[in-house]
Each structure stands twice: as structure tokens, then as C-alpha cells.
Amino acid sequence: MMQLPVDFITRTKELLADDFRRLEVAVGEEAPVSIRVNAAKRLEGLPYERVAWCETGYYLPERLSFTFDPLFHAGAYYVQEASSMFLEQAIRAYVDKPVKCLDLCAAPGGKSTHLLSVLPEGSLLVSNEVIRNRSNILSENIIKWGNPYFVVTNNDPADFDGLAQLFDVLVADVPCSGEGMFRKDPNSINEWSVSNVQLCAARQKRIIQDIWDTLKPGGLLIYSTCTYNTEENEDNIHYIVNDLGATPLPLPLKEEWGVSGGLKYDYPVYRFFPHKTKGEGFFLAVLRKNEGEVVTPKIKPSKEKKKASQPIPPEVRQWLSEPDLFNIELRNNTLEAFPVAYKQEHMLISNALRMVSFGIQLGEIKGKDVLPAHPLAMSTYLNRNVFPLHEVSYEEAIQYLRKEVLQLPPELPKGYVLLTYKGSPLGFVKQLGNRANNLYPQEWRIRSGYLPEKITCLPF
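Everything in this summary refers to the structure shown in the same document. (Residues numbered from 1 in each chain as written. Predicted model: local features only at pLDDT ≥ 70, side-chain atom pairs only at ≥ 80, totals over all residues. Heavy atoms only, no water.)

**Things to note about the overall build of the chain**
Phase 1: Counting its regular elements, the chain contains 13 helices and 20 strands.
Phase 2: Relative to the 2.2 N^0.38 estimate, which gives 23 Å for 460 residues, the radius of gyration of the chain is 23 Å and therefore close to what a compact globule would have.
Phase 3: Counting only C-alpha atoms, the chain reaches 70 × 60 × 35 Å along its principal axes.
Phase 4: Per-residue burial over the chain gives 55% buried out of 460 residues.
Phase 5: Sequence separation of 24 or more characterises 73% of the internal contacts of the chain that already satisfy a separation of 6 or more.
Phase 6: By element, 49% of the accessible surface of the chain is carried by carbon and sulfur atoms, the whole surface being about 20,800 Å². (Helix = DSSP H or I, 4+ residues; strand = E, 2+ residues; numbered from the N terminus. Rg over C-alpha atoms; globule rule 2.2 N^0.38 Å. Buried < 20%, exposed > 50% of the residue type's maximum accessible area, 1.4 Å probe, protein only. Contact = heavy atoms within 4.5 Å. Areas by Shrake-Rupley, 256 points an atom, 1.4 Å probe, with all protein chains shown as cover.)

**What about the sheet that holds strand S2 (residues 57-60)?**
Phase 1: Reading across from one edge, S2-S1-S3 is the order of the 3 strands in this open sheet, with antiparallel pairing throughout. A strand with exactly one partner marks an edge of an open sheet, and here the two such strands are S2 and strand S3 (77-79). In this sheet, adjacent strand axes meet at a mean angle of 30° when their direction is disregarded.
Phase 2: Bridge count between strand S1 (residues 33-37) and S2: 4 bridges; the pairing is antiparallel. Paired with Arg36 across the bridge in S2 is Gly57. (Pairing = 2+ DSSP bridges. Axes fitted to C-alpha atoms, helices over the stretch in contact; angles between N-to-C directions.)

**Observations concerning the packing of aromatic side chains**
Phase 1: Considering all chains together, one arrives at 24 aromatic pairs under this definition.
Phase 2: Ring centres 5.2 Å apart and planes at 75° place the aromatic pair Trp53 and Phe272 in the edge-to-face group. With Trp53 in the loop between S1 and S2 and Phe272 in strand S10 (residues 270-272), the pair connects residues that are 219 residues apart, well separated along the chain. Residue Trp53 shares its accessibility class with Phe272, and that shared class is buried. (Phe/Tyr/Trp six-rings, centres within 6.5 Å; stacked < 30°, edge-to-face > 60°.)

**Describing the state of the cysteines**
Phase 1: The tally for this structure, following the rule as stated, stands at 0 disulfides.
Phase 2: Unpaired in terms of disulfides, Cys176 finds its nearest cysteine sulfur in Cys226, a separation of 3.3 Å. (Disulfide = S-S within 2.5 Å.)

**Some words on the packing of helix H5 (residues 110-118) against helix H6 (residues 132-145)**
Phase 1: At a closest axis distance of 9 Å, the pairing of H5 and H6 adopts a crossing angle of 25°. With respect to each other, H5 and H6 are oriented roughly parallel. When you trace H5 past H6, the crossing you get is right-handed. From H5, Ser112, Thr113, Leu116 and Ser117 reach across to H6, where they touch Leu138, Asn141, Ile142 and Trp145.
Phase 2: Partitioned by chemical class, the residues of the contact of H5 with H6 number 4 nonpolar, 4 polar and no charged. (Parallel < 35°, antiparallel > 145°, perpendicular 65-115°, else oblique. Left-handed = near helix turned anticlockwise from the far one by under 90°. Nonpolar A, V, L, I, M, F, W, Y, C, P; charged D, E, K, R; others polar.)

**Description of the sheet that holds strand S13 (residues 334-339)**
Phase 1: Strand order in the open sheet formed by 4 strands is S12-S13-S15-S16, with antiparallel pairing between adjacent strands. Among the strands making up the open sheet, the edge pair consists of strand S12 (326-331) and strand S16 (369-372). Across this sheet, the average inter-strand angle for adjacent strands is 25°, counted without regard to direction.

**Concerning H6**
Phase 1: Spanning 14 residues, H6 covers 20 Å between terminal C-alpha atoms, matching the ideal 20 Å at 1.5 Å per step.
Phase 2: Positive backbone phi, approximately 100°, marks Gly146, located one or two places after H6. (Expected span 1.5 Å × (residues − 1).)

Pasting the structure below:
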């Protein structure tokens, strides 16, 4: 049985009483493996048990060779812990029209990719991560998901003070002491302490304070953690209700899900325990910001000197299936597309925050040539009728994802070719005749030089 910290045992026994023994046993068992399918890319079902509270969630019978599954790299699915998929229920219960949503603590991208799937079509998602290298991982995962209605930022919550009342929905999966992840990440046990719980609770409160003004009156705050204690959960909800004047909202539940209620106060909050639900420890609450004075965010003039707009190569618009939805700009020889509907918000965010990525990077101008960019291949708005297509084998797909040299059939036309695997775009090559230049991003490549003896991939 897993050795848990003495202080954790004492504190959690007080919360759960006779139920603690069942929790202790469950924490020592193997954690379930679960994924979410990207319905915009793969419509087929899977022959696995469904995650009850997520329409596209599945439990897998074993951990698969995700690194060596080309469809994982193509954004056909995302590996995500099942309990955290409960976010879907909050969106479906209270969001029924396009919104501007902020995912504040977003890396590595599980909730952001989920939001891009379940928010009403036409919604804008701003996904933020304060740690720079994690924001790059977040950006990669969102780009692979393919929905271009996003901006990835790399900022501290306090940096959002210039975006008053910009957002209709604020998702705060705040950094926590991680008690609910003990069996999935045994190292978190060694990092746990009572003082760290208190530190996390104070930091979470400060994060909500810093970001509260960005939420519109009547907007939704979805607060979540992956921990059990009440300091980081019910106590912080009590603060948001009492000091910030929010109203907690109930969510529809089915008894067979095994979701628990609160352990303190009388608020509608939702707890996942591994001895009751098939997933890790998780806490979620939905609160509505009370009505108040509405403030329209003011767009400050850009600090950059305006340059004469450069002409967009006409063929580039044809690369998009619905070009009229996008504003295309050329900056530093890079072609970028962003939804026309959110042009003002894009300007506002770019003036206030550090943007890592957004919309669709279409390509790069090199001399007289326009080189299509990898994010275009990943986008669900790619016009697949423009580029010659070549379906690759599994071995060729792995070669491509390692950024190795490919030998493609000589009858393929010279120029840019879109490679597909099982019908899903993997990315571009430039066919030269006797060989092809591999255009897969260097920083995204599979770094492992070997293939496991047994490779198990999803049966799409």
C-alpha cells in the first residue's frame, strides 16, 4: 500500500471519517487511463467504456504507446484524466451562446482543448500559462487540436488588469497541493505538507482576486483543484461568495456517477474521490458574478509604428475552407489568420499581454515562394483540396514525426504535399522528385530513436 504522509492521513480522516480507509485503498490501486476524442477530426466511436460525464471521453483498457501513435500527434485525441472532464457539465449547463472565455492556468492544455470542443461554436478562448516553457507546450497542444478561435498567452494573473470585464467565462484550475494526484504522480506525495496546503490556498485566493475584474457582471467563474482539503476548496469558495459577492450554481448529476458534495458549508460543489468515481481526486464549483456596472474595455493604440500593409499572396486565401471568416495579415514574412469576429479583442489582448500563438499561422514568405506552415495542416479550416495528398504508412508516419528524410513516390507532383495518416493530416513536405524535404516542426519531433517491441495505438 502507498505510504501517505502522517499529517495528510490525520487531516483527511477528520474530513472523511469511516470513508478514509476506502480512499486509502483506492489511492494504492492503478489509476485509470482516459482520453478525449477530437470530434472535429475523428468521428468514429471507440470500443471502450465511456466517461459518463463527457460525450467524447473514453477509458482505455491499458496505457497505449501515445508517443508512437501518429493520430495523437495529429490532434485526433488528447490524453486527459477523467474526473477533470467534468468541466463539460458546467459549460453545457450554463453556456448556450458564443462567449469569450479565459482559461487562466491552462498548461498543458487538457481543459483548453476540451473548452474548444464544448463551448458554443464561434466562442473565443484565451488560454494562459505563467511559466514560459509550459506555455509553449500549451500552444503546441492547442494548435494540434485545430480550432483557430484561440489565443495563447504567457502572463501572470495580475497582468490581466487592463482587460476589465472582457470575459463571459473564467476557468481557474488553480495550482494546488495535488492530493488528488497521489496515485498518478507518486512524487507529489514527497512534496506535500500542511504548510504547502496553506501556501496554495493563499495563492489561489490571490489569483482569483487578481483576475476577478476581467469577468463581466453575470459571468461565470469555474473554479477547480485536484486536491481534497477544504482550505483550497470550500474555504476559497466561501471567500468568493462572501467577499467577492458571487453566487454558487448547481449542476445536474446522475447518482451512478458517484460524484460527492461538499465537506464544509452548504454550497453546491462537486468532489471526485477515487473510491467513489472512476478517476482521480478533483473538486469543481461554478459561481456567477453578481450583476454590477458594465465597463467596456478600451483598446489602446498599438505602440508599434504602423507600416503600410503588405499584399497577401492571393493563393493563401484558398488554403482556408472558409476564408471570409478570417482576417489575414503579413508580419515579418509570416502569414497569420485570426477570426474576423474577434479582431477588436485580438488587438486588445495583443496590447495588454504576451501572445505565444493565436488563430492559424498560414505560412512564411521566402523569396517568391510561400511555405505553408504546420499549424495550417493541423487546422480544421484547412482546405484539403488545394494541396496534393499522400497517405503514408505507419513506418513513414513515424519517420516524418521524427523529422527524418522521406522517400515518396516519384510520380507525386513537385512542390508542397500534405501527408495524411488514416485520413488525418500529419503535415507538409516539399517534394523535390528524388526526395522530400520534411517540414515537420523541429521542436515538436519525436526525439526517441527506437520503437518499443510492442506498440499499441487506438483502433481508429
